[in-house]
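Okay, here's what each chain looks like letter by letter:
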Amino acid sequence: MATAIKIIGGILAILVVVAIGFWLYLRAPDLPRETVVAKYSRPNSHFVALPGGVQLHYLESGPANAPPLLLIHGFGDNSFSWDGWTKVLAKNHRVIAIDLPGHGLTTSPIDFPASADHYADLVDAFAGAIGLKSFAVAGNSMGGGVSWQLALRHPARVSALILVDAAGWPTQSLNKNPPLAFRVMQYKLGRDLLASIDNLPLIREGLKKDVVDQSVLTEPFIQRWADVQRMPGHRQILMSLRPGSLAASKETLAAIKAPTLILWGRQDQLIEVGAAYRFADAIPGSKMIIYPDAGHLLMVDQPDRSAIDVATFLAAHTEH
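The set of residues buried in helix 2 (residues 33-40) consists of Val36, Val37 and Tyr40. Taken around the axis of helix 2, the buried residues stretch over an arc of 95°, which confines them to a single face. Turned more than 90 degrees away from the buried face of helix 2 sit Glu34, Ala38 and Lys39, all of them exposed. Its buried side turned inward, helix 2 meets strand 1 (45-50) and helix 9 (219-229).

In this section: the packing of helix 4 (residues 116-129) against helix 5 (residues 142-153). With their axes 8 Å apart at the nearest point, helix 4 and helix 5 run at an angle of 65° to one another. As far as their axial angle goes, helix 5 and helix 4 are roughly perpendicular. The handedness of the crossing between helix 4 and helix 5 is right-handed. Contacts from Ala116, Asp117, Tyr119, Ala120, Asp121, Val123 and Asp124 of helix 4 reach helix 5 at Met142, Gly145, Val146, Gln149, Leu150 and Arg153. Tallied by class, the residues present in the contact of helix 4 with helix 5 amount to seven nonpolar, two polar and four charged.

Moving on: unusual backbone geometry. One non-glycine residue, Ser141, lies in positive phi territory at about 55°. Mapped onto the elements of the fold, Ser141 is located in the loop between strand 5 (135-140) and helix 5. Residue Asp165 is not a glycine yet carries a positive backbone phi of 45°. Along the chain, Asp165 falls in the loop between strand 6 (158-164) and helix 6 (180-184).

Before going further, it helps to spend a moment on the pairing of strand 3 (residues 68-72). Counting buried positions along strand 3 yields four of five residues, so the element is predominantly enclosed. Sheet topology places strand 3 next to strand 4 (residues 94-98); five bridges connect them, and they run parallel. Paired with Ile72 across the two strands is Ile98, which belongs to strand 4. Handedness of the crossover joining strand 3 and strand 4 through helix 3 (residues 83-89): right-handed.

Let us now look at the packing of aromatic side chains. Counted under the stated rule, the structure contains five aromatic pairs. Centre to centre, the rings of Trp82 and Trp85 are 5.0 Å apart; their planes meet at 55°, and the pair counts as tilted. With respect to burial, Trp82 and Trp85 carry one shared label: buried. Ring geometry for Trp264 versus Phe279: centroids 6.1 Å apart, planes at 40°, classification tilted. You can see Trp264 sitting in strand 7 (residues 260-265) and its partner Phe279 sitting in helix 12 (residues 274-282), a full 15 residues away along the chain. Phe279 carries the same exposure label as Trp264, and that label is buried. Taking NZ or CZ as reference, Arg33 lies 5.5 Å from the ring centre of Phe47, over its face.

Cut-off values and rules
Residues numbered from 1 in each chain as written. Predicted model: local features only at pLDDT ≥ 70, side-chain atom pairs only at ≥ 80, totals over all residues. Heavy atoms only, no water. Buried < 20%, exposed > 50% of the residue type's maximum accessible area, 1.4 Å probe, protein only. Helix = DSSP H or I, 4+ residues; strand = E, 2+ residues; numbered from the N terminus. Arc of directions from axis to C-beta. Contact = heavy atoms within 4.5 Å. Axes fitted to C-alpha atoms, helices over the stretch in contact; angles between N-to-C directions. Parallel < 35°, antiparallel > 145°, perpendicular 65-115°, else oblique. Left-handed = near helix turned anticlockwise from the far one by under 90°. Nonpolar A, V, L, I, M, F, W, Y, C, P; charged D, E, K, R; others polar. Pairing = 2+ DSSP bridges. Right-handed = clockwise from strand over helix to strand, strands pointing away. Phe/Tyr/Trp six-rings, centres within 6.5 Å; stacked < 30°, edge-to-face > 60°. Lys NZ or Arg CZ within 6 Å of the ring centre and 35° of its normal.

Have a look at this one:
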């Protein structure tokens, strides 16, 4: 017995040493804000000060007097992922793609209360800060959850709602085999680990599951995802979020009055396409389009086709 205990103890000690060595190998400090902003900001980048110490970054394109369209990215993503839509939609719309706290080039306190409802309230404050009275809003994944929360919490702001593979339904709508990062995040130790390492390998693995057309995943695109997540405080805020924690219901969503378009990739490996039908059933008068050869990041996977569908919808519902 004593020998067995010694052997087990020795194995555990080796595992601890290996785990520590693995963590030391992957450990990556924050990148200086100035370095990341200098590398990735664009001529159409803007920053606005919001309550709670948030300096929110956004990209603005298109005519200033055109109908406004606000774009909200998903978990771990950033405003640049809407580039394909912006190229099409900025011809006739004032397109504004934002970075939520913990994402992109936005800076915010490490203890920002990151959740869909707080994000929705921040978007409302952002709209007020830049003089937007009402606007169409499109959100992907977690950003879709923020968008429908915005339509419920601040209905006067939302002239039209576009949900793109949106989060919101209970976990049974989530795919049974999510990316490794989401599985690791279920545990506190895993969240602590992800908050301190370079997540590039996990980001690469997750993005490959998010699209059908793998050619859209260029090295600069993937590296940007990883770099902006290492902005000071970003990983801590990301790890405080709980993907899948939103609780949509038919009764709740029935209160949405804005014209609503639901877009979904049938090959979505994160949120199953059945969730699209649940949104369509719950939101009165909504329209749904399913794309057979697209995944979770629809606006990256099928940017032109989906953007044209959005333009058609907005022309019918928000322009006079």
